[in-house]
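The chain contents come next:
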Amino acid sequence: MKILKVKASGEYDILIGEGILDGIADAATPVIRGGKAAVVTDSNVAPIYLESVLDSLKRKGVESFSHVIEAGESSKDLKHLGALLNAFAEDGLTRADVVIALGGGVTGDLAGFAASCYLRGVRYIQIPTTLLAMVDSSVGGKTAIDLDYGKNLAGAFYQPSLVLCDHSTLSTLSDEVFTDGCAEVIKYGIIADAELFDRLKEPIKPQIEDVIYDCVRIKRDVVEEDEKDTGLRQILNFGHTIGHAVEKLSSYTISHGKAVAIGSAMISRAAAKRGICTPEYAEEITELLSSYGLPTFTSYDPGMLFRAAVADKKRTGEYINLILPVEKGRCIIKRTPFSELEAMIREGME
Ligand code: MG
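This one's a predicted model, so the numbers in the text were calculated from it and none came from an experiment. (Residues numbered from 1 in each chain as written. Predicted model: local features only at pLDDT ≥ 70, side-chain atom pairs only at ≥ 80, totals over all residues. Heavy atoms only, no water.)

Q: Please give an account of the overall build of the chain that cites residues and values.
A: For the chain, the count of helices and strands is 13 helices and 11 strands. The C-alpha atoms of the chain give 20 Å as radius of gyration, which agrees with the globular expectation for 350 residues (20 Å, within 12%). For the chain, the spread of C-alpha atoms along the three principal axes comes to 60 × 40 × 35 Å. For the chain, with 350 residues in total, the buried portion stands at 56%. In the chain, 75% of the contacts between residues at least 6 apart in sequence involve partners at least 24 apart. Taken as a whole, the chain presents about 14400 Å² of accessible surface, with 51% of it coming from carbon and sulfur. Measuring between centres, the 38 positive side-chain charges of the chain sit 5 Å from its 50 negative side-chain charges. (Helix = DSSP H or I, 4+ residues; strand = E, 2+ residues; numbered from the N terminus. Rg over C-alpha atoms; globule rule 2.2 N^0.38 Å. Buried < 20%, exposed > 50% of the residue type's maximum accessible area, 1.4 Å probe, protein only. Contact = heavy atoms within 4.5 Å. Areas by Shrake-Rupley, 256 points an atom, 1.4 Å probe, with all protein chains shown as cover. Lys, Arg positive; Asp, Glu negative; His and termini not counted. Charge placed at Lys NZ, Arg CZ, Asp CG, Glu CD.)

Structure representation (structure tokens):
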């Protein structure tokens, strides 16, 4: 088992290992002070892992409650947030107790946000069960729900008290869901780690623990530097400006990972056309994404992509911060006028 320590507004450990889910209560004991835990999970994960988590808690004398949400993005809304908060109150959860988010990004975002506002904040533990959640959403303390006007429009920066990544849970993922997480893994190589980038050319599964560790370490370092996303943390958005546009235009039928892969390849080709990186490197990025079965082109109209991209909540004024690859393991953040972004989207299509 590997341990990473995070020092953000809260200090916490990230545990990465195989089969560590069964001992969840041992790892969580220092966090659970009041003796009660509310476990939030979804309808896909509950039949596989909920019982072993509840058993482990019971053996330690922790009184636990479980709340199972319907799997899928539609559970990340105000209605489910309200229901969860009322359920915590019904459980009699106090500030000394803990919320456990067991599942993928939707579960972590919803349960984390509920924990951030219930009684003005109770501690929570992230137990991600997808690759995407392990390397991205479970670390860094961004929690949110979707509003009618868009994704992640209400939320809080609220750090977990513990993150437990048991990568044996990845074996129960479909290939498609696993591959989705690989797009974010490749992103870490592009933005911060040339050696990771090259290692990803070898089969990922035999080295999965090291790969997760490297990704989480990079995210940890970025979050420690810029927890509230005002500067450096933006590099984690590599591939996401165009990626979000693709997701939106598809009404979210194209998954996050696939959309990010398309966005990563497109922005890399545009960067190469402008001499920011070499055409060979842009090609290398595209080839690596393709080797994981991820898409690198879209047939959406560039004008539509542009309009969807600039409707994004993170934009400021008539400019957008683009993350551009310079060389393996290094990116720059470039403040880019809207007009230039539109041109770059066109360049990225070619
Ligand atoms: Mg992402």
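Q: Describe in detail helix α6 (residues 175–192), supporting the description with residues and values.
A: For α6, which comprises 18 residues, the first-to-last C-alpha distance of 26 Å matches the rise-based estimate of 26 Å (1.5 Å per residue) to within 8%. Counted residue by residue, α6 has 14 buried out of 18 residues, so it is predominantly covered. (Expected span 1.5 Å × (residues − 1).)

Q: Pulling in residues and values, what's your account of helix α4 (residues 105–117)?
A: Relative to the 18 Å expected for 13 residues at 1.5 Å per residue, α4 spans 18 Å between its end C-alpha atoms, a close match to the ideal helical length. Burial analysis of α4 places 11 of its 13 residues in the buried class, the great majority of the element. For α4, the complete set of buried residues consists of Val106, Thr107, Gly108, Asp109, Leu110, Ala111, Gly112, Phe113, Ala114, Ala115 and Ser116.

Q: Provide a residue-level description of the state of the cysteines, including the pertinent values.
A: In this structure the tally under the stated criterion is zero disulfides. The cysteine cysteine 215 is free of any disulfide, with cysteine 182 supplying the nearest cysteine sulfur at 9.5 Å. Of all cysteine sulfurs, the one in cysteine 277 lies closest to cysteine 331, which takes part in no disulfide; the gap is 9.0 Å. (Disulfide = S-S within 2.5 Å.)

Q: Summarise the coordination of the magnesium ion; cite the residues concerned and give the values.
A: Ideal geometry at a metal centre: 109.5 degrees between donors when four sit tetrahedrally, and 90 or 180 degrees when six sit octahedrally. Every protein donor of the magnesium ion is listed here as Glu184 (OE), His240 (NE2) and His256 (NE2), and their distances to the metal cover 2.0 to 2.3 Å. Sequence positions of the donors to the magnesium ion reduce to the motif E-x55-H-x15-H. Of this pair, histidine 240 sits in helix α9 (residues 240–249) while histidine 256 sits in helix α10 (residues 256–273), and the two are 16 residues apart along the sequence. Each of the two residues, histidine 240 as well as histidine 256, counts as buried. (Donors = N, O, S within 2.8 Å, 3.2 Å for Na, K, Ca; no water.)

Q: I'd like a rundown of the packing of aromatic side chains, residues and numbers included.
A: With the rule as written, the count across this model stands at four aromatic pairs. Seen from their ring centres, phenylalanine 88 and tyrosine 118 are 5.5 Å apart, and the 75° between their planes marks the pair as edge-to-face. Placement of the pair is phenylalanine 88 in helix α3 (residues 78–91) and tyrosine 118 in the loop between α4 and β6 (123–128), with a sequence separation of 30 residues. Tyrosine 118 matches phenylalanine 88 in its accessibility class, with the two residues each being buried. An angle of 10° between the planes, with centres 5.6 Å apart, marks the rings of tyrosine 124 and tyrosine 158 as stacked. Here the residue tyrosine 124 occupies a position in strand β6, and tyrosine 158 occupies one in the loop between β8 (150–157) and β9 (162–166), the gap between them amounting to 34 residues. Tyrosine 124 sits in the buried class, given a relative accessible area of 1%. Taking the ring centre of tyrosine 188 as reference, the NZ or CZ of lysine 187 above it sits at 5.0 Å. Sitting above the plane of the tyrosine 319 ring, arginine 335 keeps its charged end 3.9 Å from the centroid. (Phe/Tyr/Trp six-rings, centres within 6.5 Å; stacked < 30°, edge-to-face > 60°. Lys NZ or Arg CZ within 6 Å of the ring centre and 35° of its normal.)

Q: A description of the domain arrangement of the chain should follow, citing residues and the corresponding values.
A: By the assigned domains, the chain splits into domain 1 (2–172) and domain 2 (175–200 + 229–348). For domain 1 versus domain 2, the distance between C-alpha centres works out to 29 Å. The interface of domain 1 with domain 2 comprises 13 residues on the first partner and 15 residues on the second. Summed over both partners, the interface of domain 1 with domain 2 comes to about 1100 Å²; 64% of that surface belongs to carbon and sulfur atoms. Of all residues in domain 1, the largest losses of buried area upon contact with domain 2 belong to Leu131, Leu132 and Lys151, amounting jointly to 41% of the total for that side. The interface formed by domain 1 and domain 2 includes two salt bridges. (Domains from an automatic or database assignment. Buried area = accessible area lost by both parts, 1.4 Å probe. Salt bridge = Lys/Arg side-chain N within 4 Å of Asp/Glu carboxyl O.)

Q: I'd like a description of the nonpolar core, backed by residues and values.
A: If you look at the biggest cluster of nonpolar residues, it comprises 69 residues, and the most contacted ones within it are Ile14, Leu131, Leu200, Ile204 and Ile212. Residue contributions to this core peak at nine residues, all from α10. Each of domain 1 (2–172) and domain 2 (175–200 + 229–348) gives at least three residues to this core. Setting aside residues up to four positions removed in sequence, isoleucine 204 forms contacts with Phe178, Cys182, Val185, Val211 and Tyr292. Of all hydrophobic cores here, the second largest spans 24 residues; its members include Ile20, Leu21, Ile100 and Ile127. (Core = buried A, V, L, I, M, F, W, Y, C linked by side-chain atoms within 4.5 Å.)

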